[in-house]
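Overview (structure and organization)
Chain by chain, the residues:
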2 protein chains.
Amino acid sequence: MVRTATTPGSATGDRARRHGYGQLMTVPSYLLNPIGRVTSPLRDADQAPKQGIEGGPEVWLDFDAEVTAGLADVESGDELVVLTWLHLAQRDVLSVHPRGDQHRPERGVFSTRSPHRPNPIGLHRVTVIEVAPGRLRVAPLEAIDGTPILDVKPVRAHTPDD
Amino acid sequence: MVRTATTPGSATGDRARRHGYGQLMTVPSYLLNPIGRVTSPLRDADQAPKQGIEGGPEVWLDFDAEVTAGLADVESGDELVVLTWLHLAQRDVLSVHPRGDQHRPERGVFSTRSPHRPNPIGLHRVTVIEVAPGRLRVAPLEAIDGTPILDVKPVRAHTPDD
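Now for a quick tour of the structure. Since we're looking at a predicted model, the values are computed, not measured.

It is worth spelling out the pattern of salt bridges at this point. In the structure shown here, the tally under the stated rule is 14 salt bridges over all chains. Across the pair Arg-137 of chain A and Glu-130 of chain A runs a salt bridge whose closest N-O atoms are separated by 2.9 Å. Note that Arg-137 of chain B is salt-bridged to Glu-58 of chain B, the shortest N-O span being 2.4 Å. With Arg-137 of chain B in strand β9 (residues 135-139) and Glu-58 of chain B in the loop between β3 (36-39) and β4 (59-63), the pair connects residues that are 79 residues apart, well separated along the chain. Taking relative accessible area as the criterion, Arg-137 of chain B reaches 21% and is therefore assigned partly exposed. Among the ionic contacts, a cluster of salt bridges with common partners joins Glu-58, Glu-130 and Arg-137 of chain A.

Residues and elements named next belong to chain B. Spatially, six strands are ordered β3-β4-β9-β8-β5-β10 in a closed barrel, and the strand pairing comes out antiparallel. The mean angle between the axes of side-by-side strands here comes to 45°, regardless of whether they run parallel or antiparallel. One ladder, built from four bridges, connects β3 with β4; its direction is antiparallel. Note on β4: the bridge partner recorded for Arg-37 is Asp-62.

Take the packing of aromatic side chains next. Enumeration over the complete set of coordinates arrives at four aromatic pairs over all chains. Above the face of the Trp-60 of chain A ring, Arg-135 of chain A is positioned so that its terminal group lies 4.1 Å from the ring centre.

Next up on the list: the environment of Pro-105 of chain A. Residue and element names in this part refer to chain A. Topologically, Pro-105 is positioned in the loop between β6 (95-96) and β7 (107-108). Residues Pro-105 and Asp-92 lie 13 residues apart in sequence; the distance between their C-alpha atoms is 19 Å. Those residues within four positions of Pro-105 in sequence are excluded, and the remaining contacts are Val-96, His-97 and Pro-98.

Once that is clear, we can look at the sheet that holds strand β8 (residues 121-132) of chain A. All names here are of chain A. Reading around the circumference, β3-β4-β9-β8-β5-β10 is the order of the six strands in this closed barrel, with antiparallel pairing throughout. Averaged over all pairs of adjacent strands, the angle between strand axes in this sheet comes to 45°, irrespective of strand direction. One ladder, built from four bridges, connects strand β4 (residues 59-63) with strand β9 (residues 135-139); its direction is antiparallel. Each bridged residue has a counterpart across the sheet, and for Leu-61 the counterpart in β9 is Leu-136.

Here is what the cut-offs are and how they apply
The numbering scheme is per chain: residues are counted from 1 as the chain's sequence reads. Chains carry letters from A onward and ligands carry numbers from 1 onward, assigned in written order. Per-residue local features of the predicted model are confined to residues with pLDDT of at least 70, and side-chain atom pairs are confined, for both listing and counting, to 80 or more; whole-chain, interface and lining totals are unaffected and use all residues. Heavy atoms from the whole structure form the basis of all side-chain values; hydrogens and water molecules are not counted. Each salt bridge in this description consists of a side-chain nitrogen of Lys or Arg and a carboxyl oxygen of Asp or Glu lying within 4 Å of one another. Going along the chain from the N terminus, every DSSP run of H or I of four or more residues is numbered as a helix, and every run of E of two or more is numbered as a strand. Each residue gets one of three labels from its accessible area relative to the maximum for its type: buried under 20%, exposed over 50%, partly exposed in between, using a 1.4 Å probe on protein chains only. The pairing criterion for strands is at least two bridges between them, as found by DSSP. Axes, fitted as lines to C-alpha atoms, cover a helix only where it is in contact. Angles between the N-to-C directions of the axes lie from 0 to 180 degrees. Only Phe, Tyr and Trp rings are paired, with Trp represented by its six-membered ring, and only when their centres lie within 6.5 Å; those with planes under 30 degrees apart are stacked, over 60 edge-to-face, the remainder tilted. Think of it as a cone above the ring: NZ of Lys or CZ of Arg counts as a charge over the ring if it is within 6 Å of the ring centre and within 35 degrees of the ring normal. We call two residues contacting when some pair of their heavy atoms lies within 4.5 Å.

Scope: geometric values only; no functional claims are made or implied.
Given below as structure tokens:
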């Protein structure tokens, strides 16, 4: 699903011009459709730990009815990577003070895990605690209540990571 | 950046109706703007290994000029997670034969790493081999030439995975 925009003044049109493509050439973008939402006791970003491993709570992942068939074979005890859309993040940020600490020198955002970045996709490694119809209870996950879920993948069996 | 659609017949409008929201309520979607492209010797999906760890090649990550400031502090030897948009994937798939093997029983897509899934975001753990202006040479990465890059994150220092 490719969206393009050439409207003068649109973000994508501006982007095309900055690339020297002119008005007629377009830069494709892609449309994400969330598959569910995080139901969490964390109500705002100030409450959220910086990373799940630092104490993210148990949450429910609530999936849209149209995708629940994709949850077949997910079992309690599974190790998953949950991808979320950090919908409160700023997308025009390219350098940050790590962990929001103004005393630390700024770094390029791609060498940090800051939520503020051009495509604010969160990665959360979790364990499945409970499987219920259309829902998974998992921990730890530091995203706030209502955060859109984009995808769920198993951690690979033959490697400890991603 | 929230996009909504209520146009009858649009994918999002259909989705809203299936959720019982009616025509006036909308389900938000989000617009991804790729930050660059993978330059790879892999020219089509048939050539690509199923996972980078099974023999993905060295590739160049070529970043758009407008985001290269975000690459400051990425260094040779760094371990990164690269997020890509698997632009050739089918998005209406909820169950698959693992690894495309028709002899293996179908599984729910969220318990597999299949590229075919509602939001086909690829996760690739790589090592940086070379840093050049606006580019990073990394390996292994199994995406085909031209695959859009969405994000780059460091592997967390205090845990081997994510």
